[in-house]
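A structural walkthrough
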Amino acid sequence: GAGVSQSPRYKVAKRGQDVALRCDPISGHVSLFWYQQALGQGPEFLTYFQNEAQLDKSGLPSDRFFAERPEGSVSTLKIQRTQQEDSAVYLCASSAGPTNEKLFFGSGTQLSVL
Amino acid sequence: AQTVTQSQPEMSVQEAETVTLSCTYDTSESDYYLFWYKQPPSRQMILVIRQEAYKQQNATENRFSVNFQKAAKSFSLKISDSQLGDAAMYFCAYRSAFWGAQKLVFGQGTRLTINP
């Protein structure tokens, strides 16, 4: 596609539910990132993929957070047993190459946990 | 760990005037990249300008320019001839130049309002 696509745009979950957030990067982009942006804050790094390999998951806040990119294109961020503090905008970004390339962001998924 | 600080939560400027957004950062590395991103209400982060730390010359992109002071670890953004479409959240960000260190570290953001 023309840009990074994320779905759904909005997600409301009851506390304790599992959610899955999808990211479609720009076709052919090697690198894919997930960021979490709390209300009124800057984005914080969650995890990074190069093709299907998850090279850095140091930002995942707990073992309830899991990300995958099995075929090196579409990525899914899964949050198990959601809690209120998980409420945030989840941004996905991709770049063409593995090093120092321009990053293209999606419009994010706004997750609200009630 | 690297940190990025934006000390101005909000700024406002009259249309057609100039405004400067401040950013400071902390790092022990000598080679890195600095960025300014714009985030409109659509939430999509848009790259405004990028600066390589090894370059002494300040980056410019049309009405946008930076004042990069490496010794002071300061990286401010100047917007000239402000336009209504410039209204947005602006984030300063840092990335290490080490291969494999891909993540961006963002500041807290500055909300810019343009007054007509």
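Our subject is the structure that appears above.
Overview of the structure. Keep in mind that what you see is a predicted model, and the values were worked out from it rather than measured. (Residues numbered from 1 in each chain as written. Chains lettered and ligands numbered in written order. Predicted model: local features only at pLDDT ≥ 70, side-chain atom pairs only at ≥ 80, totals over all residues. Heavy atoms only, no water.)

**Concerning the overall build of chain A**
- Scanning chain A for helices and strands turns up 0 helices and 11 strands.
- When the helices and strands of chain A are listed from N to C terminus, the series reads β-β-β-β-β-β-β-β-β-β-β.
- In terms of overall size, chain A behaves like a compact globule, its C-alpha atoms giving a radius of gyration of 13 Å where 114 residues would be expected to give roughly 13 Å.
- The principal-axis extent of the C-alpha atoms belonging to chain A is close to 40 × 25 × 25 Å.
- A burial count over chain A gives 46% of its 114 residues as buried.
- Across chain A, every contact between residues at least 6 apart in sequence was considered, and the portion connecting residues at least 24 apart equals 53%.
- Counting only carbon and sulfur atoms, one obtains 46% of the accessible surface of chain A, whose full area is about 5400 Å².
- Distance between charge centres in chain A, computed from 11 positive and 11 negative side chains, equals 7 Å. (Helix = DSSP H or I, 4+ residues; strand = E, 2+ residues; numbered from the N terminus. Rg over C-alpha atoms; globule rule 2.2 N^0.38 Å. Buried < 20%, exposed > 50% of the residue type's maximum accessible area, 1.4 Å probe, protein only. Contact = heavy atoms within 4.5 Å. Areas by Shrake-Rupley, 256 points an atom, 1.4 Å probe, with all protein chains shown as cover. Lys, Arg positive; Asp, Glu negative; His and termini not counted. Charge placed at Lys NZ, Arg CZ, Asp CG, Glu CD.)

**Considerations on the interface of chain B and chain A**
- Each side of the interface is counted separately: chain B has 20 residues, and chain A has 27 residues.
- When the buried area of chain B at its contact with chain A is split by residue, Arg43(B), Gln102(B) and Lys103(B) rank highest and sum to 35% of it.
- Applying the counting rule to chain B against chain A returns 0 salt bridges.
- Seen at the junction of chain B and chain A, the total is 8 residue pairs in polar contact (both at pLDDT 80 or more).
- Of all the secondary-structure elements, those providing two or more residues to the side of chain B that touches chain A are β5 (32-39), β6 (46-52) and β10 (88-96) of chain B.
- Classifying every residue of the side of chain B that touches chain A by side-chain character gives 9 nonpolar, 7 polar and 4 charged. (Buried area = accessible area lost by both parts, 1.4 Å probe. Salt bridge = Lys/Arg side-chain N within 4 Å of Asp/Glu carboxyl O. Polar contact = N/O pair within 3.5 Å; in protein donor to acceptor, adjacent residues only side chain to side chain. Nonpolar A, V, L, I, M, F, W, Y, C, P; charged D, E, K, R; others polar.)

**Some thoughts on the side chain of Thr27(B)**
Residue and element names in this part refer to chain B.
- Along the polypeptide, Thr-27 turns up in the loop between β4 (24-26) and β5.
- Owing to a relative accessible area of 7%, Thr-27 belongs among the buried residues under this scheme.
- For Thr-27, the side chain forms a polar contact with the side chain of Tyr-94, separated by 2.8 Å.
- The residues touching Thr-27, leaving out its near neighbours within four places in the chain, are Gln-2, Tyr-32, Lys-73 and Tyr-94.

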